[in-house]
2 protein chains.
Amino acid sequence: MTLEEVARRAGVSTATVSRVLNKAGVVRETTRKRVLQAARELRYHPNLHARTLAGAKSNTLGMIVSNIENPFFIDIFRSLESAALQRGYEVVVEHTDYKSSRLVTCARAMLGRRVAGLAAIVSEMEPSLIEELTESDVPVVFYDVGLPARNITNIRVRYERGMQRTVEYLYSMGHRRMAFVGHHASLGPLQARKKTFIETMARYSGQVQFTAALNTDSPAGGKQAAHELLASDFRPTAVLCVNDFMALGVIRELRDQGFSVPRDISVTGFDNIQLSEFSNPALTTVNIPRRKIGQMAFEALAPKESSGDRPREFVIDPELLVRESTGPPPV
Amino acid sequence: MTLEEVARRAGVSTATVSRVLNKAGVVRETTRKRVLQAARELRYHPNLHARTLAGAKSNTLGMIVSNIENPFFIDIFRSLESAALQRGYEVVVEHTDYKSSRLVTCARAMLGRRVAGLAAIVSEMEPSLIEELTESDVPVVFYDVGLPARNITNIRVRYERGMQRTVEYLYSMGHRRMAFVGHHASLGPLQARKKTFIETMARYSGQVQFTAALNTDSPAGGKQAAHELLASDFRPTAVLCVNDFMALGVIRELRDQGFSVPRDISVTGFDNIQLSEFSNPALTTVNIPRRKIGQMAFEALAPKESSGDRPREFVIDPELLVRESTGPPPV
DNA sequence: GGCCTGATTGTAAGCGTTTCCATTGGGAGT
DNA sequence: ACTCCCAATGGAAACGCTTACAATCAGGCC
C-alpha cells in the first residue's frame, strides 16, 4: 500500500501517481483514471508522515488548552478550527490539565509535528518554554500568559475590569461580604484573578474571603469549594466564581444546603459559556468573546501575506452580563 | 535543527545521537552528555514525521467523535486517553459534527497518520467506510454503529432497555402523554432511538409525539425543540430527551414558558453526564458508563499480547437514575 | 605478541512522498 | 521533411530519522 505499488499497478512512475493524487501538474485524463483506479483497488492511503516529510510546508496548526472539559476552551477551539478549515488548515488539540509539565511536553510534541503555528490557550506556564518557543520561530499565540516576542502574539483579557465591574455591581446592590471561588490558585493568571478580587474589594472596604477548590476546574470542584466556604464561619452574601463552569457547581451546593440563589446568596461566573444561560437560575457573568478570540488566534498564526506586521497583542475588555443569579442581599 | 547538525556539533554520528535521544542502545556517559548539550544548544526538536516514517510502529491511537461539545464524548475520550497514556500511547481526537462526510475524511486522515488503532464514537456512518476500515487491518472500535469484523470491535448500549425502563417508570407514575426530543433524526442510531421510543410507547398505548431539533445536539437545540413541541397542540406531561445535553435546554425552555419541572412536566435525559447532577432540577437520566466504555475501547485497540482473541462485541445494559426532574403528572 | 571479546560508535540502507529536471513523442509551423 | 515546442511522463535526489551491520579500540587471556 505505498505509492510505488500503486505506480506499478497503474504502469506509471511514482511521480505521476503523486501528481494525480495531489491534483498538481498535468496528467492525461486516461492515465489519471488508471491511477485512481489502481489506488482504489489497492486501498491506498497516502502516508501522512512521508508526505509532510517530503513536502516542506505544514498546514496544521496546534492548539493546547488547559482543560478540555471546560466548554470555554472548546468554544475557542471550535472558532479557531472553523477559521482554519476555511483557509485549508487543520488543527490538532492537546490538553494539559493545568500541569505545566504537560504544557512543555505538548508544546514539544507540536514542534516535533512541525505545526505551522501554535495557540496556547492555557493558564499554566513554564518560563523556559517561552524562550524555547521564541527560538523555534514558529508563530505562537498565547492567551492569558506569556509575553509578546518576535513570533509571539498575545491575547489578553482585562480580567481586572470584569472583576471590578462585577464587584461594583454587587456592591452597589448592597453586598458587603463576598467570597471568591477559584481553582489552581498557584498558577500565575489564576492567582492574579484572586489578587484582583482582593484588591478590588479592598478598595470598597468590604469583607472578603478566598476559597479555591483543590485543583479541579469543574462543577464538582465548584461544589466542593462552596462546601468548604460554607463550613467556615464567613457568611458571604455573594460568591464570585473564577469561571462559569465552577459557578454551576457552586450554585448546586448552595441549593443543596438550603440557600436560594439569588435570594440568600448571589453567584456570578466568568466567561459566559453557553451553559450559563441554561443554568437555573441563569448565571450573571462576564462575557469573554470566545468566538473572536479564536479568530484572532487564527489571524495571528496564519501567514496572511497582505498584512505585513501583525499586531503583537490583542486586549479584550470584557463586559458584565446581569442575569438571574444575582440580586440584592437578604435584609 | 536536524539530527545531523546535532551530530556534527557533538562530533559524533547521527546514529549515536539517535541512540542518545531514544535512550536506546549503549552510549558512553561522556558522549551522551556531549550530545545532549549539543541538542540543547541547537534547540533541536526531533521531527516526528521523520521519526515515525523511519521506525515502523506507531503508538498513536485515533479517536473520532460526533460532537466535541457534548461532554458525553469528552468523557469517553478522557477515559480512553488515560488508559492509553498509561501504556505509552498517545491519542488524537477529531470530530465530525455528525456529518458522515467528515467521518470519512477523519478516518482517512487517521489511516494516513498510521494510527495503531481507531475508535469511532459516532452516530453517523458511511457503509463504504466499514469496508475501507476492515481492509485496512487497523484495529477499530465502533460505538453505536458498525458491525463486528476481523479487526472491528463493537461497543453497543442497549438503548431500548434504557428507554423502556424510562417509559415504564414514567407510565407507572401516571404519565400517558409523552414526547421525545432528539436531533439528527435521519442518522441510523438516532433514528433507532426514536423508533424505540415510539414502539415502547405503543406497547403502553400512550399518546406520543416526536420532535427533533434541527441538527443541533446542544442545550440550544433542546431549547428549540421544546419550543416547537409546545407550539403544537400536543401537551405532554413528560418529555424524554435523547441525551442529557439536550435535556438541559428542554428544561430551560419549559421554565421560560412558565412550566415547572417536574410539577407540570417531567423531563428525562440519557447518558448521565456530570452536568446532569448540576442541573436544577437534577436530571433523571439513564446511566451510560462512559469511563468503562473508554477503557473497553482501549482494550480492544491495544495489542495486549496475553489475550489472544479479544471479544468482538461489548454490550452494555444501562440503568435508570431517578433524580429530581421527574415526578407524577399534574392532576 | 596475537587473538578474542565486549563496549562504543560509525556507515548506510531504507521509510513513502514530493518535486526538480530530463526525456519522449507528437503536432504545428515553414 | 525538418525544426521547435509543449504536453505527458519518468528518474532520482532530497526530507530527517531509525536501525541493522560493520568497524574500531582497549583490555584481558593464553
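Throughout what follows, the structure given in this document is the object of discussion.

### Considerations on the protein's contact with DNA strand C
By nearness alone, 29 residues border DNA strand C, and Leu3, Ser18, Ala50 and Ala54 of chain A together with Ala15 of chain B come closest of all. Of all elements in the fold, only α1 (3-10), α2 (14-21) and α4 (48-54) of chain A together with α2 (14-21) and α4 (48-54) of chain B reach the threshold of two or more residues within the surface near DNA strand C. For the surface near DNA strand C, the element with the highest residue contribution is α2 of chain A, accounting for five residues. Split into classes, the residues belonging to the surface near DNA strand C amount to 14 nonpolar, 11 polar and four charged.

### Some words on the packing of α2 of chain B against helix α3 (residues 29-41) of chain B
Residues and elements named next belong to chain B. Interaxial distance between α2 and α3 falls to 10 Å at its minimum, and their mutual angle equals 90°. By the angle between their directions, the pair α2 and α3 is classed as roughly perpendicular. Contacts from Thr16, Val17 and Val20 in α2 reach Thr31, Arg32, Val35 and Leu36 in α3.

### Observations regarding the protein's contact with DNA strand D
In the region of DNA strand D, 28 residues are neighbours, and Val12 of chain A together with Leu3, Ser18, Ala50 and Ala54 of chain B sit closest. Looking at the surface near DNA strand D element by element, the count peaks at five residues for α2 of chain B. Each residue belonging to the surface near DNA strand D can be placed in one class, and the counts come to 14 nonpolar, 11 polar and three charged.

### Thoughts on α2 of chain A
Residue and element names in this part refer to chain A. Of the positions making up α2, those classed as buried are Thr16, Val17 and Val20. Buried residues of α2, seen end-on, are gathered within an arc of 100° and therefore sit on one face of the element. The inward-facing, buried residues of α2 contact α1 and α3 (29-41). Note on α2: the residue one or two positions beyond its end, Lys23, has a positive phi of about 50°.

### Brief notes about the interface of chain A and chain B
Contact with chain A, which involves 33 residues of that partner, is made by 33 residues of chain B. Broken down by secondary-structure element, the contributors of at least two residues to the side of chain A that touches chain B are α4, α5 (71-86), β2 (90-95), α6 (100-112), α7 (127-136), α10 (219-231), α11 (244-256) and α12 (275-278) of chain A. Here the side of chain A that touches chain B is built from residues that sort into 15 nonpolar, nine polar and nine charged.

### As for the sheet that holds strand β2 (residues 90-95) of chain B
Residue and element names in this part refer to chain B. Across the sheet, six strands lie side by side as β2-β1-β3-β4-β5-β11; this open sheet has parallel pairing. In this open sheet, the two edge strands, each paired with only one partner strand, are β2 and β11 (313-316). Neighbouring strand axes in the sheet, compared pairwise and without regard to direction, differ in orientation by 15° on average. Pairing analysis gives four bridges linking strand β5 (residues 152-157) to β11, with the strands arranged parallel. Bridge pairing in β11 places Arg156 opposite Val315. The sheet contacts of helix α6 (residues 100-112) involve β1 (60-65), β2 and β3 (117-121), and relative to β1 the element is tilted by about 175°.

### Re the relation of the copies chain A and chain B
Superposition of chain A onto chain B requires a rotation of 180° combined with a translation of 0.0 Å along the rotation axis, giving an RMSD of 0.0 Å. Expressed as an axis order, the relation between the two copies is that of a two-fold axis. Ranked by how close their C-alpha atoms come to the rotation axis, the residues of chain A are headed by His49 of chain A, at 2.3 Å. A share of 100% of the interface residues of chain A reappears at the interface of chain B, consistent with the copies meeting face to face through the same patch.

### Topic: the environment of Thr216 of chain A
Residue and element names in this part refer to chain A. Inspection of the secondary structure puts Thr216 in the loop between β7 (207-213) and α10. A sequence separation of 98 residues divides Thr216 from Phe314, and the C-alpha atoms of the two residues are 28 Å apart. Residue contacts for Thr216: discarding those within four places in its chain leaves His183 and Gly221.

Parameters at a glance
Residues numbered from 1 in each chain as written. Chains lettered and ligands numbered in written order. Predicted model: local features only at pLDDT ≥ 70, side-chain atom pairs only at ≥ 80, totals over all residues. Near = placed C-beta within 6 Å. Helix = DSSP H or I, 4+ residues; strand = E, 2+ residues; numbered from the N terminus. Nonpolar A, V, L, I, M, F, W, Y, C, P; charged D, E, K, R; others polar. Axes fitted to C-alpha atoms, helices over the stretch in contact; angles between N-to-C directions. Parallel < 35°, antiparallel > 145°, perpendicular 65-115°, else oblique. Contact = placed C-beta atoms within 7 Å. Buried ≥ 20, exposed ≤ 12 C-beta atoms within 10 Å, placed from the backbone. Arc of directions from axis to C-beta. Pairing = 2+ DSSP bridges. Least-squares fit on C-alpha atoms with pLDDT ≥ 70 in both.

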